[in-house]
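Geometric and topological summary
The chain contents come next:
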Amino acid sequence: MALQSPTSTIDRAALSVPPSLTGELATIAAGLDVARCFQCGVCSGSCPTVTRMQYGPRRIIHMLQLGLTEPVLRSQDIWLCVSCYSCSVRCPQGVAIADAMAALRRASLARGFAKDSEAAFSRAFVQVVLRGGRLFEPELLFRFYSSQAAVASLLKQAGLGLRLLAKGKISLRPDRLADPQGLHDLAARLRKAAEARNET
Amino acid sequence: MRYAYYPGCSLHASAREYDLSWRAVCEKLGIELTELPDWSCCGTAHADNVDYSLSVAMAARNLAIAAQMGLPIAAPCSGCYKTLWRSEAALRTDPALRQKINATLSRPLEGPVAVRHPLYIILEDIGLEALSAPPRPLRGLSIAPYYGCVLTRPVAEPPVDDPEDPQGLDRLLHTLGAEVVPYPAKSKCCGGAVLLSHPDVALDLTARLLTAAKRAGAQCLAVACPMCQMALDAYQQQAERQSGEHFDLPILYFTQLLGVALGLDERRLGLERLVTSPARIMAKI
């Protein structure tokens, strides 16, 4: 099977990223073990959300091999990955594709490239659990939907919310740790340690 | 058989019936559970999206509590289960990571901690033979077993089941007297991971899965994860609207079905808390 030319859907302008950025971003790809990929496409064939993606996992890996890291980090594809690990367990070359997608999501967030709603959701999730130690769903929903300015979406779920409330599936009282400061302190210590090592 | 029980956020909130039925089943089968005192959120895939070290540290805080108890962990939520076992494996095999994470914990993690999922605790500790003549067999019930993604993927060392065609839940339901419905989606994604951030994507996956189970003749699904249960049950009506299909498929935790077969009082199993009522199919048993 002839390899499809990636240039058909990849923005040519993306090839002209500043060299310094390429250098920094190149280290991300280097840590992801994508060199072994021989482009068989089993990952994209196994991906439950590939039809929603612009590139799909095979092309994402190919782009990383070619050093096109920035368009990958700016792509919504990495946020459409549902972390089902179908690609990872099927990859004949043992590339940890789903873990690579998670690493790309982190790199995308850290550089401020992430615009996807799942990025906002993940950030809101972490804020809520660091504050109380355990997830408090009403707070997460409020933070997430307000970050998206999506009052209409929230209202659309109001009926379901009431039904779940009636079933006792939503608690209006947060389930907190004895020492809710514990996780918060832990995160602060991690941040300080990372700053000391000058990690991003 | 003693376990450090890690309920995770869901079993204390939206999946209360999973907590109730798992505890009831354990009591009946002689599995002793001690809830981890002051456990915290495992961080799941969302923390991993934001900060890898933080996600491992959040898991490690809980692993350290279990290590101090000297007990293996039982984690019924597949998301927690996967997060905890993978973090434990990473911390065990990467001394530099362990040192870095332990430096931030007020209670450092010492020694290995076994992390297990209740489905495989039942299958391996109790065994199918002990369950082969239950007081109330599930005869007359056609059940589609649903494993979801992260119960069997990524593959643990040693593997708990086949990542593509797992068998554990099939065997348990068959042993309990149910008719196990074969269908091609038992380990496909339910969309639960992106239910709120990408509802249309999630509902597509949910509908695809429920359609496959319905066409194969299932009267209900058996699940082993609160996120899967939420997607397939609470969002079932929305999946019906988006796909134009009709499902009316109750989504039961495997612990609820096991509890029914063991003759436990249905009120102790939280059957009434499910959104799609299982009353009609329960009458068939």
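Preceding this section is the structure that the text describes.
Anyway, here's the lowdown on the structure attached to this text. Quick caveat, the model's predicted, so the values are computed rather than measured. (Residues numbered from 1 in each chain as written. Chains lettered and ligands numbered in written order. Predicted model: local features only at pLDDT ≥ 70, side-chain atom pairs only at ≥ 80, totals over all residues. Heavy atoms only, no water.)

For the rest of this paragraph, the subject is the packing of helix α12 (residues 181-197) of chain A against helix α4 (residues 52-69) of chain B. The geometry of α12 of chain A relative to α4 of chain B is characterised by a closest axis approach of 10 Å and an angle of 140° between their N-to-C directions. By the angle between their axes, α12 of chain A is oblique relative to α4 of chain B. For the element pair α12 of chain A and α4 of chain B, the recorded crossing hand is right-handed. Contacts from Leu183, Leu186, Ala187 and Leu190 of chain A of α12 of chain A reach α4 of chain B at Ser53, Leu54, Ala57, Met58 and Arg61 of chain B. By residue class, the composition of the contact of α12 of chain A with α4 of chain B is 7 nonpolar, 1 polar and 1 charged. (Axes fitted to C-alpha atoms, helices over the stretch in contact; angles between N-to-C directions. Helix = DSSP H or I, 4+ residues; strand = E, 2+ residues; numbered from the N terminus. Parallel < 35°, antiparallel > 145°, perpendicular 65-115°, else oblique. Left-handed = near helix turned anticlockwise from the far one by under 90°. Contact = heavy atoms within 4.5 Å. Nonpolar A, V, L, I, M, F, W, Y, C, P; charged D, E, K, R; others polar.)

What follows deals with empty space enclosed by the protein. All names here are of chain A. Applying the stated criterion to the full structure yields 5 cavities of 30 Å³ or more. Roughly 110 Å³ of volume is contained in the largest cavity. Taken together, 17 residues line the largest cavity, and the ones lying closest to its centre are Cys47, Pro48, Cys81, Cys84 and Cys87. Of all the secondary-structure elements, those providing two or more residues to the lining of the largest cavity are α2 (42-46), α6 (86-90) and α7 (97-110). Examining the composition of the lining of the largest cavity, we find that 3 residues originate from one element, α7, more than from any other. Among the residues forming the lining of the largest cavity, the class breakdown is 13 nonpolar, 4 polar and no charged. A volume near 90 Å³ is recorded for the second largest cavity. As for the second largest cavity, its lining consists of 14 residues, and the residues nearest its centre are Cys37, Cys40, Cys43, Cys91 and Ile97. (1 Å grid on protein atoms, 1.4 Å probe; cavity = no way out; pocket = protein on both sides within 12 Å on 5 of 7 lines; lining within 4 Å. Points joined across faces, edges and corners; volume = space filled by probe spheres on them.)

All names here are of chain B. Strand order in the open sheet formed by 4 strands is β6-β5-β7-β8, and the pairing between neighbours is parallel. Edge positions in the sheet fall to β6 (179-180) and β8 (251-253), since each of these pairs with one other strand and no more. Pairing between strand β5 (residues 142-145) and strand β7 (residues 220-223): 3 bridges, direction parallel. Bridge assignment links Ile143 to a residue of β7, and that residue is Cys220. (Pairing = 2+ DSSP bridges.)

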